[in-house]
Amino acid sequence: MLSERRLEVLRAIVQDYVGTEEPVGSKALTERHQLGVSPATVRNDMAVLEDEGFIAQPHTSAGRIPTDKGYRLFVDKLAGVKPLSSPERRAIQNFLDGAVDLDDVVGRTVRLLAQLTRQVAVVQYPSLTRSTVRHVELLSLAPARLMLVLITDTGRVEQRMIDCPAPFGETSLADLRARLNSRVVGRRFADVPRLVQELPESFDSEDRGTVSTVLSTLLETLVEETEERLMIGGTSNLTRFGHDFPVMIRPVLEALEEQVVLLKLLGEATDSGMTVRIGHENAHEGLNSTSVVAVGYGSGDEAVAKLGVVGPTRMDYPGTMGAVRAVARYVGQILAES
């Protein structure tokens, strides 16, 4: 276990290196921070931190920089989440309040996160496997042609055209709409097939073919839409950190193009807590020089998806964690109100 003083020295090294981009020496530390000890004592503390793998010397003449292990200790023990200012919170709310639909919410969230953190922003669409049905609308377009509109609790809207095996009257359509909604509204997608399987039998024989066709289309829509979708923005921000990536920036950009990699990075959507993965904690080799800060968001207590940022390990962790958490909270409020 490190002493309190050595933890303070590590905190000062991380803060200075993140702020200045320069390796940090003992003399600079004692000048900038109220550590209450001499440069010689700080040098001794830095030697211990280096022996234990928390800091490293990038080249012989330089000061020290934090390692992945040092950043991990900083995040776990030393860094609080920096709250956003009132103007920042108002700006987030005003920007997100202007969204007109789910695609717009996700698009605005990506732009906002990228601007606030100056990192790469990744936002996962609400997963339909964890969504519930808000409403199913059925509209008659022609005697034997219908439109099905599925609306989820997260504001997602899916439309499908249905060609019926026979003309379907307005009275039958209203009856089907009412019976369908009475069974599925407020229920999870996974429960819907079981809830509607006996519905065709409750209709007259001449209408059963159309009812079965409508239900097939609904169930196909539920299955199709369970695949995960992401939106990413701000990749140009990485070019500002060229010197933070030891080899080249290309492996990072290539990794960010792979949706499967990004979904694994964000982690399980059901985990709503804040996750911070630093450097080599990221399994994908192309992202070993990056850190990922992610959190779940949702319209209630349960997370329906994740959002987060990817940037260099030399990251303002308290500020980034604060921004990611605040944006997730506002997006959750919008979904709850939509």
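In this text the structure is predicted, and so the values were computed from the model without any measurement. (Residues numbered from 1 in each chain as written. Predicted model: local features only at pLDDT ≥ 70, side-chain atom pairs only at ≥ 80, totals over all residues. Heavy atoms only, no water.)

Caption draft 1: Structural context of the overall build of the protein. Secondary structure assignment for the protein yields 12 helices and 10 strands. For a compact globule of 338 residues, the expected C-alpha radius of gyration is about 20 Å, and the protein comes in at 26 Å, more than 25% above that figure. Projected onto its principal axes, the C-alpha positions of the protein cover 90 × 40 × 35 Å. The contacts in the protein between residues at least 6 apart in sequence include a share of 61% that link residues at least 24 apart. Across the protein, the mean location of the 37 positive side-chain charges is 6 Å away from that of the 46 negative side-chain charges. (Helix = DSSP H or I, 4+ residues; strand = E, 2+ residues; numbered from the N terminus. Rg over C-alpha atoms; globule rule 2.2 N^0.38 Å. Contact = heavy atoms within 4.5 Å. Lys, Arg positive; Asp, Glu negative; His and termini not counted. Charge placed at Lys NZ, Arg CZ, Asp CG, Glu CD.)

Caption draft 2: Geometry of the nonpolar core. Ranked by internal contacts, the top residues of the largest apolar core, which has 59 residues, are L29, Y297, L307 and Y317. Top contributing element to this core by residue count: helix α12 (residues 317-337), with 11 residues. Judged by nonpolar contacts, the second largest core, of 23 residues, contains L148, L150, V192 and V211. (Core = buried A, V, L, I, M, F, W, Y, C linked by side-chain atoms within 4.5 Å. Buried < 20%, exposed > 50% of the residue type's maximum accessible area, 1.4 Å probe, protein only.)

Caption draft 3: Seen up close, the sheet that holds strand β10 (residues 305-312). Taken in spatial order, the five strands line up as β7-β3-β10-β9-β8 in an open sheet, and their pairing is antiparallel. Looking at which strands have only one partner, the edges of the open sheet turn out to be β7 (230-233) and β8 (275-278). Averaged over all pairs of adjacent strands, the angle between their axes in this sheet comes to 15°, without regard to strand direction. Alignment of strand β3 (residues 120-124) against β10, held across four bridges, turns out to be antiparallel. Paired with A121 across the two strands is V309, which belongs to β10. Strands in contact with helix α11 (residues 259-266) are β3, β7, β8, β9 (290-297) and β10; relative to β7, the strand with the most contacts, it is inclined by about 90°. (Pairing = 2+ DSSP bridges. Axes fitted to C-alpha atoms, helices over the stretch in contact; angles between N-to-C directions.)

Caption draft 4: Here's a closer look at the packing of helix α5 (residues 86-97) against α12. At a closest axis distance of 10 Å, the pairing of α5 and α12 adopts a crossing angle of 40°. In the packing of α5 onto α12, the handedness of the crossing is right-handed. Contacts between α5 and α12 pair R89, I92, Q93, L96 and D97 from the former with A326, V327, Y330, V331 and I334 from the latter. (Left-handed = near helix turned anticlockwise from the far one by under 90°.)

Caption draft 5: Molecular detail of the pairing of β10. Burial runs high along β10: eight of the eight residues are buried. In this structure, β9 lies alongside β10, joined through eight bridges in antiparallel fashion. For V293, the partnering residue across the bridge sits in β10 and is V309.

Caption draft 6: The sheet that holds strand β6 (residues 157-163), seen in detail. Strand order in the open sheet made by the three strands is β4-β5-β6, with antiparallel pairing throughout. The open sheet terminates on both sides in strands that have one partner only, identified here as β4 (133-142) and β6. Each strand of the sheet is rotated relative to its neighbour by a mean of 20°, with strand direction disregarded. Direction of pairing for β4 relative to strand β5 (residues 145-152): antiparallel, over a ladder of eight bridges. When the sheet's bridge partners are listed, E137 is paired in β5 with V149. Strands β4 and β5 of the sheet are contacted by helix α7 (residues 170-184), whose axis makes an angle of about 165° with β4.

Caption draft 7: Layout of the side chain of R108. Here R108 is to be found in helix α6 (residues 102-117). The exposure class assigned to R108 is buried, which follows from its relative accessible area of 17%. Of note is the side chain of R108, whose polar atom sits 2.6 Å from the backbone oxygen of F95. For R108, the contacting residues outside a window of four places in its chain are F95, L96, G98 and A99. (Polar contact = N/O pair within 3.5 Å; in protein donor to acceptor, adjacent residues only side chain to side chain.)

Caption draft 8: Summary view of the confidence of the model for the protein. Of the residues in the protein, 93% have a pLDDT of 70 or more, and the chain-wide mean is 85. No element of the protein has a lower mean pLDDT than α11, which averages 78, and none a higher one than α7, which averages 93. (pLDDT = per-residue confidence, 0-100.)

Caption draft 9: Summary view of the packing of aromatic side chains. For the coordinates displayed, the defined rule picks out one aromatic pair. Where Y71 meets Y317, the ring centres are 5.5 Å apart and the plane angle is 50°; that geometry is what we call tilted. With Y71 in helix α4 (residues 68-78) and Y317 in helix α12, this pair connects stretches of sequence that are 246 residues apart. Each member of the pair Y71 and Y317 is classed as buried. Here R108 stacks its cationic end above the ring of F95, 5.2 Å away from the centre of that ring. (Phe/Tyr/Trp six-rings, centres within 6.5 Å; stacked < 30°, edge-to-face > 60°. Lys NZ or Arg CZ within 6 Å of the ring centre and 35° of its normal.)

Caption draft 10: Up close: unusual backbone geometry. For E21, which is not a glycine, the phi torsion comes out positive at approximately 65°. Position of E21 among the secondary structure elements: in the loop between α1 (4-20) and α2 (26-32).

Caption draft 11: Quick peek at the environment of G311. Relative to the assigned elements, G311 resides in strand β10. Along the chain, G311 and R118 lie 193 residues apart, while their C-alpha atoms are 8.4 Å from each other. Discounting chain neighbours no more than four positions away, the residues touching G311 are Q119, L238, S289, T290 and S291.

Caption draft 12: Summary view of α6. With 16 residues, α6 should cover 22 Å at 1.5 Å per step; its first-to-last C-alpha distance of 22 Å lies within 8% of that length. The element α6 is largely enclosed, with a buried count of 12 among its 16 residues. Taken together, the buried positions of α6 are occupied by L102, D104, V105, V106, G107, R108, T109, V110, L112, L113, A114 and T117. Here the buried face of α6 lies against α5, β3, β7, β10 and α12. With a side-chain oxygen positioned 3.3 Å from the backbone nitrogen of D103, the residue opening α6 is D101. (Expected span 1.5 Å × (residues − 1).)

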